[in-house]
Structure formats: C-alpha cells, structure tokens
Amino acid sequence: MSNLAHLDDSGAARMVDISAKPATRREATAEGYIHIAAEALAAIAAQAVKKGDVLATARIAGIMAAKRTADLIPLCHPLPIDAVTVDLALDATGIRATATVATTHGTGVEMEALTAVSAALLTVYDMAKALDRAMRIDGIRLLKKSGGRSGDFVAE
C-alpha cells in the first residue's frame, strides 16, 4: 500500500524491523534557536534567573531527552546512546542549541539529536518565561548525520 517504512501492507502503523541491519557507528547533529528579549537574555547570561542556572539546566534536559526519545516518539526505537553533547551559545538576540548524539546500532540517532535540541530550548523557555513570555523557538533542524545504509547527510 505504501513505500513508507512505518506502515505495513494494510496501511497500519508499525515499528520498522531493524534486526537485519548491521550495528555501525551513527552520529547526528541538530540545532535550534530561541529568540529572547534583551533583558531576559542578560539575566540568563548573568545567571540571575530566579529558577537557577538556565544554561546548565537546559543542557542536562537535552541530554536526558536524547536518552528518552523512544518514550516520546511512538515508533522510534530505543537505542543505546554512546554519547550526547548539548551546546548552548548566546548571541545578541537569543540562544542557539546544538546537540550531537552517537550510537553504534542498527538505526540512526537523528530523532535523538532533534529531541535533545527541542527539550533544551523548551527548558530555556520554561526557566525564563517570567522574564519574557514572547520568546520564540524556531529553526529546529538536522544539520548532519553519518553512518547507516543511507550514508551521510549535510544540510545546506
């Protein structure tokens, strides 16, 4: 019925069988951005937000989210994560989150990297919303991935 891997011949949702795929090194990097008002951004930079260290908490949230992706995305495989890094960089208008996730398994970690970025940025919002409710999260995307049958990908 469909060429979509998550649908069976009758069109019902299913988890893809990856048992025949070889375990290879796979890595993915994703990014996203949160636009923040200048005063709120200054408070984050100065670690003056009442809820605590926004960047440290967001980094931990991103790492934890990468490890729990299969609990959030219904047809995503639970993976043994070999490494997760979440970097948060402040600039004049907000914070860019970048996450890199690696595994040695039969399927990739794109969803884990995207989930890490999403959770990190949502944590920034949660911790700073008393200072700026108009924050806007956007630009969440896969930057690159390596390994697996489909090979390497690098975003333009």
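Everything discussed here concerns the structure shown above.
Model, not experiment: these values are computed from the prediction.

Novice: What's the story with the overall build of the chain in this structure? I'm lost.
Specialist: Per the secondary structure count, the chain includes four helices and five strands. Start at the N end of the chain and walk to the C end: the helices and strands fall as β-α-α-α-β-β-α-β-β. With the C-alpha coordinates aligned to their principal axes, the bounding extent of the chain is approximately 55 × 30 × 30 Å. Expressed as a percentage of its 156 residues, the buried residues of the chain come to 38%. In the chain, 70% of the contacts between residues at least 6 apart in sequence involve partners at least 24 apart. Once the 17 positive and 18 negative side-chain charges of the chain are each reduced to a mean point, those two points are 3 Å apart.

Novice: For this particular structure, what's the right way to read the nonpolar core?
Specialist: The nonpolar side chains of a soluble globular protein tend to be buried, and buried together. In terms of nonpolar packing, the biggest core is built from 33 residues, with Ile34, Ile36, Ile44, Val86, Leu88, Ile95 and Val124 touching the most fellow members. For this core, the secondary-structure elements that each account for two or more residues are β1 (24–35), α1 (38–45), α2 (54–67), β2 (81–90), β3 (94–105) and α4 (110–128). In terms of residue count, α4 provides more of this core than any other element does, nine residues in total. In this structure Val124 touches Ile34, Ile36, Ile44, Val54, Ala58, Ile95 and Met135, once residues within four positions along its chain are discounted.

Novice: What is the right way to look at the side chain of Thr115 in this model?
Specialist: Here Thr115 lies in helix α4. On the basis of relative accessibility, which here comes to 10%, the residue Thr115 falls in the buried class. Residue contacts for Thr115: discarding those within four places in its chain leaves Ala65, Thr69, Leu72 and Ile73.

Novice: What is the right way to look at the environment of Asp138 in this model?
Specialist: Position of Asp138 among the secondary structure elements: in strand β4 (residues 136–146). Between the C-alpha atom of Asp138 and that of Gly94, which follows or precedes it by 44 residues, the distance is 11 Å. When neighbours within four sequence positions are excluded, Asp138 is seen to be in contact with Gly32, Tyr33 and His35. Within the local environment of Asp138, its side chain forms a polar contact with the side chain of His35, the two groups lying 3.2 Å apart.

Novice: Got a minute to help me understand the pattern of salt bridges in this structure?
Specialist: When the charged atoms of two side chains lie near each other, side chains of opposite charge can form a pair. For the structure on display, the rule yields seven salt bridges. Of the charged contacts, one joins Arg68 and Asp71 as a salt bridge, the two residues approaching to 2.5 Å between their closest N and O atoms. Each member of the pair, Arg68 as well as Asp71, is classed as exposed. Each of Glu31, Arg96 and Arg141 takes part in one network of salt bridges that share partners.

Quick notes on the rules
Residues numbered from 1 in each chain as written. Predicted model: local features only at pLDDT ≥ 70, side-chain atom pairs only at ≥ 80, totals over all residues. Heavy atoms only, no water. Helix = DSSP H or I, 4+ residues; strand = E, 2+ residues; numbered from the N terminus. Buried < 20%, exposed > 50% of the residue type's maximum accessible area, 1.4 Å probe, protein only. Contact = heavy atoms within 4.5 Å. Lys, Arg positive; Asp, Glu negative; His and termini not counted. Charge placed at Lys NZ, Arg CZ, Asp CG, Glu CD. Core = buried A, V, L, I, M, F, W, Y, C linked by side-chain atoms within 4.5 Å. Polar contact = N/O pair within 3.5 Å; in protein donor to acceptor, adjacent residues only side chain to side chain. Salt bridge = Lys/Arg side-chain N within 4 Å of Asp/Glu carboxyl O.

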